Every structure is written in structure tokens, then in C-alpha cells.
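These are the residues of each chain, in order.
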Amino acid sequence: MSAPIVLLSLISVALSSNVLDLTASNFDEVVNGDKSVFVEFFAPWCGHCKALAPEYEIVADAYVKESNVVIAKVDCTVEKDLASRFGVTGYPTLKFFKKGKTEPEAYNSGRTADDIVSFINRESGARGFIKKPASAVVQLDSSNFDSIALDSTKDVLVEFYAPWCGHCKKLAPVYEEVGKTFKSDKNCVVAKVDADSEKELGGRFGVSGFPTIKFFPKDNKEGEAYNSGRSQEDFITYLNARCGLKRVAGGGLTDDAGRIEALDALAAKFMGAEDKSAVMEETVAASADMAKEAQYYHKVMKKVIEKGSDFISTETSRLSRMLEGSMSDEKKDQFTVRKNILGAFASSSDGHTEL
């Protein structure tokens with residue numbers, strides 16, 4: 001990349017920032033008591049400052065529409081007098097100048113965007129808001145907890161958390177992935193409650209530490225303590241067992257999802273039988289009271305009788321191609337189950353000369 005292009009890129013990044021640069025020439029004009037001003041005193045070479053930078057940009061973006069809050073920074077390697085004036089001896093140093101005051105208070109809380117925005121909102125009365133991508137985890141509060149977590153048609157896993165809790169922050173990305181895995185299962189819900197704000201809900205369910213995770217199965221809405229591991233795989237294994245599902249990380253299905261052992265045995269019998277129609281009739285009778293996926297076994301048998309055993313491989317290939325494309329979660333599950341069931345016929349056909 002040429003030097004002019006690099007320079008233009010840097011200028012573009014700088015212009016897109018909502019963090020105000022303070023210098024000796026404008027500091028007192030900005031920090032004059034008219035507004036609340038949050039200031040980062042930093043050094044460009046400082047590793048902790050670099051780590052904070054993207055979070056700080058998010059904070060600034062949260063107050064774009066708030067006229068009474070300014071998010072600013074001071075480069076202390078350039079503005080040494082300002083650094084000395086406010087007793088800055090390490091980086092980054094964060095200070096809050098509340099509206100009506102020109103003397104700051106030190107900010108010593110967490111350094112995520114959520115932490116800083118929560119502090120500024122509390123101290124200034126502003127309503128800074130961080131725009132976040134839609135979450136696969138259902139947010140519960142006093143207005144919807146009972147209608148979701150206590151719904152007798154749903155199994156619901158609930159994390160009671162606090163925004164400032166370090167263990168909760170560590171769990172958050174893992175829990176989000178768990179939410180994504182089960183988002184298409186309407187009756188197996190992954191949810192969370194900000195128990196720091198919803199103290200009544202926390203007290204109601206005996207929450208005394210964070211995170212507290214409880215499972216509300218269809219048949220026990222008192223809630224059960226979740227005491228298993230906290231890896232993504234731990235949660236998935238637990239929910240699969242409790243919700244009767246066969247999910248894999250990311251939301252797909254296991255290779256045996258939809259397959260029924262008794263019908264797999266009939267598939268094997270069918271592929272080896274001379275009188276396939278008789279086995280198909282046996283399968284229709286056996287699957288009459290089973291889940292809807294069971295009906296696909298005898299549909300496959302009918303197609304094999306009509307088109308020959310090559311139907312198994314050609315239909316498997318067709319479904320595989322379709323699954324590589326874009327489709328709804330419901331369709332993806334449906335086609336995956338069909339492909340899995342075809343696998344029962346394919347594995348049963350090994351060694352049979354008719355294939």
C-alpha cells in the first residue's frame with residue numbers, strides 16, 4: 001500500500017472517531033462545568049491504552065446523541081503539562097469531570113465499554129446506549145420472566161448475572177454460542193437475567209452470587225441448580241439430555257438425529273429382503289405412533305421399490321448439495337434428519353449385490 005493511501009486511511013479512521021482530542025488549547029474550554037466529561041489520559045506506546053482503545057470508541061459512540069456528555073482523551077506524551085496538572089503517573093488514567101465541576105474524580109472500575117457507560121449513566125443521569133448485535137440468548141426481566149421461564153411447554157436455562165461480574169464476563173461469549181446452538185428450538189430456551197438490576201427476581205430464586213445458573217424444566221418450575229461444567233460442550237451436552245435434543249455446536253444436528261433404532265433395524269431388513277413390499281408394510285405399521293420423522297423410513301422404502309437402490313445414494317447427494325446452500329434453520333434440520341435416515345439404509349446395504 002502506498003504512503004498516500006496509508007495516510008488517507010489513517011485520516012479516515014481519525015475522522016470517524018467520536019472521542020474528542022483534548023489539548024492545552026481546548027481543555028479548559030471543554031472541561032468548564034457545562035457538561036460531564038470523561039477523559040482518558042494515555043500514551044500511544046502504552047499496551048493497556050491500546051487494549052482500551054476499541055472499548056473507548058464504543059463508549060464515545062454510545063453518547064453521540066447526548067449533548068451533556070463528552071468522551072475525550074489526552075495524549076500525555078504531547079500534553080505533559082496537562083498530565084502533570086492532573087497528577088497522571090501511569091497509563092491509562094481515567095478521570096470523570098461531573099457537570100458543574102472542573103475538578104475530577106478518579107475512575108477505578110472496569111474497563112469494558114459496558115462498565116464505563118454504566119458508570120457515566122449513573123453519575124451523569126445520561127442514557128448512553130451501546131448498540132449490540134442481536135443476541136441468541138433471551139433477555140429476561142420482571143416483565144417476561146414468568147411467561148418464558150415458567151412456561152410449562154418450555155425447558156429454560158437461565159443465567160443470573162451482574163454486568164460487573166468478572167466470571168460473568170468470561171462466561172458471556174460461551175453462553176452466547178450456546179444460545180446460537182439452540183436458537184431454533186422454541187421449547188429449549190437459553191436465557192439470562194441481569195440480577196443486579198432485577199434484584200427481586202434474584203431474591204425470588206435465591207441468587208446470592210454471580211453467575212448463578214438454574215434450569216427450569218417443563219415439569220419443575222421451582223428451578224434446579226445447574227452444577228455441570230461451563231464450557232460450551234458442557235452446556236450443549238446438558239441441554240441435549242434435558243431437552244431431548246441432538247444439537248452440535250453452531251446449531252446443527254448430530255449424525256444420528258432423527259434416527260430410530262427399531263426402524264433402523266427394519267431398514268436393514270428391507271435392504272436385504274427379496275419381498276421389500278412386505279417389509280415396507282411392516283414399517284408403516286411400526287411407525288404409525290412414532291414421531292413424524294419416522295414416516296420418512298417408509299417413504300424411502302417406497303422410493304427404493306419404485307426407482308431401485310440407487311435412490312439412496314442419489315438422494316443423499318442431492319440433500320448434501322442443498323444443505324450447503326442458504327435455508328431456514330427449520331429446513332436445515334428437516335433435510336439433515338432425512339440425510340441421517342438415508343444413512344441407515346446406506347449402511348445396511350453394504351455387501352448386498354443388488355446395490
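Read on for a plain summary of the structure. These figures come from a predicted structure and were not determined experimentally. (Residues numbered from 1 in each chain as written. Predicted model: local features only at pLDDT ≥ 70, side-chain atom pairs only at ≥ 80, totals over all residues. Heavy atoms only, no water.)

**Quick notes on the overall build of the protein chain**
Within the protein chain, the secondary structure is distributed over 14 helices and ten strands. Computed over its C-alpha atoms, the radius of gyration of the protein chain comes to 30 Å, more than 25% above the 20 Å expected for a compact globule of 355 residues. Oriented by its inertia axes, the alpha-carbon framework of the protein chain measures out at about 95 × 60 × 30 Å. Burial statistics for the protein chain: of 355 residues in total, 41% are counted as buried. Here the contacts in the protein chain between residues at least 6 apart in sequence split such that 69% fall between residues at least 24 apart. For the protein chain, the exposed surface amounts to about 19400 Å²; the carbon and sulfur share of it is 51%. Computed over 45 positive and 53 negative side-chain charges, the separation of the two mean positions in the protein chain equals 2 Å. (Helix = DSSP H or I, 4+ residues; strand = E, 2+ residues; numbered from the N terminus. Rg over C-alpha atoms; globule rule 2.2 N^0.38 Å. Buried < 20%, exposed > 50% of the residue type's maximum accessible area, 1.4 Å probe, protein only. Contact = heavy atoms within 4.5 Å. Areas by Shrake-Rupley, 256 points an atom, 1.4 Å probe, with all protein chains shown as cover. Lys, Arg positive; Asp, Glu negative; His and termini not counted. Charge placed at Lys NZ, Arg CZ, Asp CG, Glu CD.)

**Looking at the packing of helix H10 (residues 261–272) against helix H11 (residues 276–286)**
At a minimum axis separation of 9 Å, H10 and H11 run at an interaxial angle of 170°. Judged by the inter-axis angle, H10 sits roughly antiparallel to H11. For the pair H10 and H11, the contacting residues are Leu263, Leu266, Lys269, Phe270 and Met271 in the first and Lys276, Val279, Met280, Glu282, Thr283 and Ala286 in the second. Among the residues making up the contact of H10 with H11, the classes are represented as seven nonpolar, one polar and three charged. (Axes fitted to C-alpha atoms, helices over the stretch in contact; angles between N-to-C directions. Parallel < 35°, antiparallel > 145°, perpendicular 65-115°, else oblique. Nonpolar A, V, L, I, M, F, W, Y, C, P; charged D, E, K, R; others polar.)

**Details of the pattern of salt bridges**
Pairing between side chains of opposite charge can happen when the charged atoms of each approach one another. Throughout the structure, instances matching the rule amount to 17 salt bridges. A salt bridge links Glu123 to Lys98, with the shortest nitrogen-to-oxygen separation between them at 3.8 Å. Taken together, the residues span a long stretch of sequence, with Glu123 in helix H5 (residues 113–124) and Lys98 in the loop between strand E4 (93–97) and strand E5 (105–106) at a distance of 25 residues. Measuring nitrogen to oxygen at the nearest pair gives 2.8 Å for the salt bridge that ties Glu315 to Arg318. One end of the pair is Glu315 and the other is Arg318, both in helix H13 (residues 310–323) and three residues apart, which spans about a single turn. One salt-bridge network, held together by shared partners, links Lys98, Arg122 and Glu123. (Salt bridge = Lys/Arg side-chain N within 4 Å of Asp/Glu carboxyl O.)

**Topic: the sheet that holds strand E7 (residues 155–161)**
Taken in spatial order, the five strands make up an open sheet running E6-E8-E7-E9-E10, and their pairing is mixed. Here the strands that pair on one side only, and so sit at the sheet edges, are strand E6 (138–140) and strand E10 (224–225). Looking at chain direction, E7 and strand E8 (residues 188–194) are connected through seven bridges and run parallel. Bridging from a neighbouring strand, Phe160 pairs with Val193 of E8. Where helix H7 (residues 166–182) meets the sheet, its contacts fall on E7, E8 and strand E9 (212–216), and the angle it forms with E8 comes to roughly 155°. Along the sheet face, helix H9 (residues 232–243) touches E7, E8, E9 and E10 and points at about 145° away from the line of E7. (Pairing = 2+ DSSP bridges.)

**Here we look at the state of the cysteines**
The tally for this structure, following the rule as stated, stands at one disulfide. With its sulfur 2.3 Å from that of its partner, Cys188 forms a disulfide with Cys243. Between Cys188 and Cys243, the disulfide has an S-S torsion of 70° and is therefore right-handed. Remark: Cys243 occurs in helix H9 and Cys188 occurs in strand E8; sequence separation between them is 55 residues. For the pair formed by Cys188 and Cys243, the shared burial category is buried. (Disulfide = S-S within 2.5 Å.)

**Some details on the sheet that holds strand E2 (residues 36–42)**
Taken in spatial order, the five strands line up as E1-E3-E2-E4-E5 in an open sheet, and their pairing is mixed. Of all the strands in the sheet, just strand E1 (20–21) and E5 have a single pairing partner and so form its edges. Across two bridges, E1 lies against strand E3 (residues 69–75) in parallel orientation. Bridging from a neighbouring strand, Asp21 pairs with Lys73 of E3. Sheet strands touched by helix H3 (residues 47–62): E2, E3 and E4. Its angle to E2, the strand with the most contacts, is close to 160°. Set on the sheet, H5 makes contact with E2, E3, E4 and E5; between it and E2 the angle comes to about 145°.

**Side note on the environment of Val74**
Tracing the backbone shows Val74 in strand E3. The exposure class of Val74 is buried, given its relative accessible area of 0%. Separated by 200 residues in sequence, Val74 and Glu274 place their C-alpha atoms 85 Å apart.

**Thoughts on the environment of His298**
The topology assignment puts His298 in helix H12 (residues 295–307). Separated by eleven residues in sequence, His298 and Ser287 place their C-alpha atoms 8.4 Å apart. Residue contacts for His298: discarding those within four places in its chain leaves Met280, Thr283, Val284 and Ser287. Among the polar contacts made by the side chain of His298, one reaches the side chain of Gln295 at a distance of 3.1 Å. (Polar contact = N/O pair within 3.5 Å; in protein donor to acceptor, adjacent residues only side chain to side chain.)

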